[in-house]
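Residues per chain, in single letters:
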Amino acid sequence: MLNALRPYLPLLVLWCAVAAIASLVVREMGMKGLKKYPLTMLVLVLSLLSFPAAGLFKISRPYQRRILTLIRREKSAAISPNGCPMFPPNNIWNRRIQDLPADANSPAYISSMGPGDKLHADFGNLGGYEYSVTDGAESNNEMSFDSGESDRGPYRIPDNAKIEAESDHHVLVMDTGNCLVYELFGASHTGQGRWSAGSGAIFDLRSNKLRPEGSTSADAAGTAILPGLARYDEVAAGHIGHALRFTTRHTRRAYVWPARHFASNSNDASLPPMGERFRLKAGVDISQFSPQTRVLLTALKEYGMVLSDNGGSWFVSGALDSRWSNKIPAEFASLHGSDFEAVDESGLMIGSDSGQAKQ
């Protein structure tokens, strides 16, 4: 016991000295006399309080990460910089899954997806998704879609909205005035207030409602893209409170909640279905990684990542931002598919048409 207290003895001795001085001042001046010197009284009070506060801070340092985690459990999991929630706190995307059982098919999935393939940060200061922000003041756009599964609107997309340079030509727009996200696939701007796209979907960030069953979105899984991106503002704050989006090369002709759509002709049971959730194994040591990478990998342990589209193997999606650390790509690449496992989150489902998860 004495050994445990030894590091704090200097603080205790200093506090006793300050307390003794304060006692002498009060005895000599009396409380009435002391009230005439409010600044002196304030200094004494702050001195007496500062040492216990410093001691408490020092004692709590080894447990600060755990304490902050407990505090964050009570907060809305993901809030955009503009104040809109990234789906309700009880949405499956915002549900921790580190304690859920592994999917029985996890070994087969990992084997088919490439256990030796490197984890890839599909974002950085030179690449990643761009999204636009509007206050919703634009009038309803004239939209033309190839897919009949697209939402009819209204869409309020600025004429200067960013169009993804890659072949999928995604457009992602956050409407902060209505807390909606408009997402287009294969988009092109055809004139003032006019857009065309292969498909489009609108997501209410305040709602748990899913897309109609069997319906695609701007993503093959029929899920939203923007809420699943790794965003710098969250990493800078030290915590990501939601699952991330990722892709793999080959998927099965199936989907699991909360996905609503598949994009494959294969019935190979070793291939993962759309919507399958994966997490970084608890035993993977991430303590030696740089701060930004640790935040990202902690999220992959606590919240995991949702298979949302066909694409690069183990490609984790994020937003383009000049502030991303250059260390992230190399540090991600030191991890492999074998460091992950599939998660069985079916027990959290309340209804197949809702993203609400059991707590």
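In case you missed it, the structure is sitting above this.
My aim in this report is to walk through the structure given alongside it, one point at a time. All residue numbers here refer to positions counted from 1 along the written sequence of the relevant chain. In keeping with the predicted nature of the model, local features appear solely for residues at pLDDT of at least 70, side-chain atom pairs appear and are counted solely at 80 or more, and the whole-chain, interface and lining totals rest on all residues. Side-chain measures were taken over the full set of non-hydrogen atoms in the model, leaving aside hydrogen atoms and water.

### Some words on the overall build of the protein
Then, number 1: Secondary structure elements follow DSSP: runs of H or I of four or more residues count as helices, runs of E of two or more count as strands, with numbering from the N terminus. What the protein contains, in helices and strands, is eight helices and 13 strands.
Then, number 2: For the exposure calls, accessible area comes from a 1.4 Å probe over protein chains only, and a residue counts as buried if that area is under 20% of its type's maximum, exposed if over 50%, partly exposed in between. When each of the 359 residues of the protein is scored for burial, the buried share is 46%.

### Some words on the sheet that holds strand S10 (residues 277-280)
Then, number 1: Here, a strand pair is defined by DSSP locating no fewer than two bridges between the strands. A sheet is described by the order of its strands in space; here six strands give the open sequence S1-S12-S9-S11-S10-S13, paired in mixed fashion. With one partner strand each, in any of the chains shown, strand S1 (120-122) and strand S13 (340-343) form the two edges of the open sheet. With strand direction ignored, the average angle separating the axes of adjacent strands in the sheet is 40°.
Then, number 2: Along the sheet, helix H5 (residues 106-113) contacts strand S9 (244-248), S10 and S13; its crossing angle with S13, the most-contacted strand, is approximately 130°.
Then, number 3: In this analysis, two residues are considered to be in contact whenever any of their non-hydrogen atoms come within 4.5 Å of each other. Interaxial angle, 0 to 180 degrees, is taken between N-to-C directions of lines fitted to C-alpha atoms, where a helix line uses only the stretch in contact. Those strands touched by helix H7 (residues 291-302) are S9, S10, strand S11 (305-310) and S13, and its axis lies near 125° from that of S10.

### A closer look at the side chain of His 261
Then, number 1: In this structure, His 261 sits in the loop between S9 and S10.
Then, number 2: At 2.8 Å, the side chain of His 261 and the backbone oxygen of Ala 220 are in polar contact.
Then, number 3: Filtering out sequence-adjacent residues up to four positions away, His 261 remains in contact with Glu 149, Gly 214, Ser 215, Thr 216, Ala 220, Ala 221, Gly 222, Tyr 255 and Met 274. Whenever two N or O atoms come within 3.5 Å, that pair is a polar contact, provided that in protein one can donate a hydrogen and the other can accept it, and provided that, for residues adjacent in sequence, both atoms are side-chain atoms.

### Concerning the environment of Glu 302
Then, number 1: As for its placement among the helices and strands, Glu 302 is situated in helix H7.
Then, number 2: Overall, the relative accessible area of 14% leaves Glu 302 in the buried class.
Then, number 3: Residues Glu 302 and His 242, 60 residues apart in the sequence, show an inter-C-alpha distance of 8.6 Å.

### Observations regarding the state of the cysteines
Then, number 1: Our working definition of a disulfide is a cysteine sulfur pair at a distance within 2.5 Å. Scanning the entire structure with this criterion turns up one disulfide.
Then, number 2: Each disulfide pairs two cysteine sulfurs, and for Cys 84 the partner residue is Cys 179, the sulfurs being separated by 2.2 Å. Of note, the bridge from Cys 84 to Cys 179 carries an S-S torsion of about -85° and is left-handed in sense. Placement of the pair is Cys 84 in the loop between helix H4 (64-73) and H5 and Cys 179 in the loop between strand S4 (171-175) and strand S5 (180-185), with a sequence separation of 95 residues. Neither residue differs from the other here; Cys 84 and Cys 179 are each classed as buried.

### Some words on empty space enclosed by the protein
Then, number 1: Here the term cavity refers to a set of points on a 1 Å grid, laid over the protein atoms alone, in which a 1.4 Å probe fits but cannot get out; the term pocket refers to an open set having protein on both sides within 12 Å along at least five of seven lines, with lining residues being those that place an atom within 4 Å of a point. Grid points are joined across faces, edges and corners, and a volume is the space filled by probe spheres set on the points. Counting across every chain of the model gives one cavity of 30 Å³ or more.
Then, number 2: Here the largest cavity defines a volume of roughly 120 Å³.
Then, number 3: Three classes are used, and their members are as follows: Ala, Val, Leu, Ile, Met, Phe, Trp, Tyr, Cys and Pro are nonpolar, Asp, Glu, Lys and Arg are charged, and the others, Gly among them, are polar. When its residues are assigned to classes, the lining of the largest cavity shows seven nonpolar, six polar and three charged.

### What about the environment of Ala 102?
Then, number 1: Checked against the element boundaries, Ala 102 lands in the loop between H4 and H5.
Then, number 2: In this structure the C-alpha to C-alpha distance between Ala 102 and Val 343, which are 241 residues apart in sequence, comes to 4.4 Å.
Then, number 3: Every residue in contact with Ala 102, bar those within four places of it in the chain, is listed here: Arg 279, Glu 341, Ala 342, Val 343 and Asp 344.

### Quick word on the pattern of salt bridges
Then, number 1: One speaks of a salt bridge when a side-chain nitrogen belonging to Lys or Arg is within 4 Å of a carboxyl oxygen belonging to Asp or Glu. This structure, assessed with the given rule, holds twelve salt bridges.
Then, number 2: Between Asp 309 and Arg 245 there is a salt bridge; the shortest N-O distance is 3.7 Å. Here Arg 245 lies in strand S9 and Asp 309 lies in strand S11, a separation of 64 residues in the sequence.
Then, number 3: Classification of Arg 245 as buried rests on a relative accessible area of 2%.
Then, number 4: Where Arg 279 meets Glu 341, a salt bridge forms, and the shortest distance between an N and an O atom there is 2.9 Å. With Arg 279 in strand S10 and Glu 341 in strand S13, this pair connects stretches of sequence that are 62 residues apart.
Then, number 5: Look at Arg 279 and you get buried, because its relative accessible area is 7%.
Then, number 6: Overlapping salt bridges bring together Asp 219, Arg 245 and Asp 309 as one network.

### Description of the side chain of Asn 208
Then, number 1: Structurally, the position occupied by Asn 208 is in the loop between strand S8 (199-204) and helix H6 (232-237).
Then, number 2: Reaching out from Asn 208, the side chain makes a polar contact with the side chain of Asn 91 at a distance of 2.8 Å.
Then, number 3: If near-sequence neighbours (up to four positions away) are discounted, Asn 208 is found in contact with Pro 88, Asn 90, Asn 91, Asp 353, Ser 354, Gly 355 and Gln 356.

### Looking at H5
Then, number 1: Residues Ser 106, Tyr 109, Ile 110 and Met 113 constitute the buried set of H5. Here the buried residues of H5 occupy an arc of 95° about the axis, which is enough to place them on one side. Residues of H5 that are exposed and point more than 90 degrees away from the buried face comprise Pro 107 and Ser 111.
Then, number 2: Residues of H5 that are buried sit in contact with S9, S10 and S13.
Then, number 3: Residue Gly 114 follows H5 closely and has a positive phi angle near 105°. The directions from the helix axis to the C-beta atoms are what the arc is built from.

### Details of the packing of aromatic side chains
Aromatic ring pairs are defined here through the distance separating the ring centres and the angle between the ring planes.
Then, number 1: Side-chain rings of Phe, Tyr and Trp, where Trp is taken by its six-membered ring, are said to pair if the distance between their centres is within 6.5 Å; with planes under 30 degrees apart they count as stacked, over 60 as edge-to-face, and otherwise as tilted. Counted according to the given criterion, the structure contains ten aromatic pairs.
Then, number 2: Aromatic pair Tyr 155 and Tyr 182: ring centres 5.9 Å apart, planes at 50°, arrangement tilted. Here the residue Tyr 155 occupies a position in the loop between strand S3 (142-145) and S4, and Tyr 182 occupies one in strand S5, the gap between them amounting to 27 residues.
Then, number 3: Taking the relative accessible area as the measure of exposure, Tyr 182 reaches 0% and is therefore buried.
Then, number 4: Look at Trp 314 and Phe 340: their rings are 5.4 Å apart centre to centre, the planes differ by 25°, and that puts the pair in the stacked class. Of this pair, Trp 314 sits in the loop between S11 and strand S12 (315-317) while Phe 340 sits in strand S13, and the two are 26 residues apart along the sequence. The two residues Trp 314 and Phe 340 agree in class, both being buried.
Then, number 5: Through a chain of ring-to-ring contacts, the aromatic side chains of Phe 123, Tyr 232, Trp 324 and Phe 332 assemble into a single cluster.

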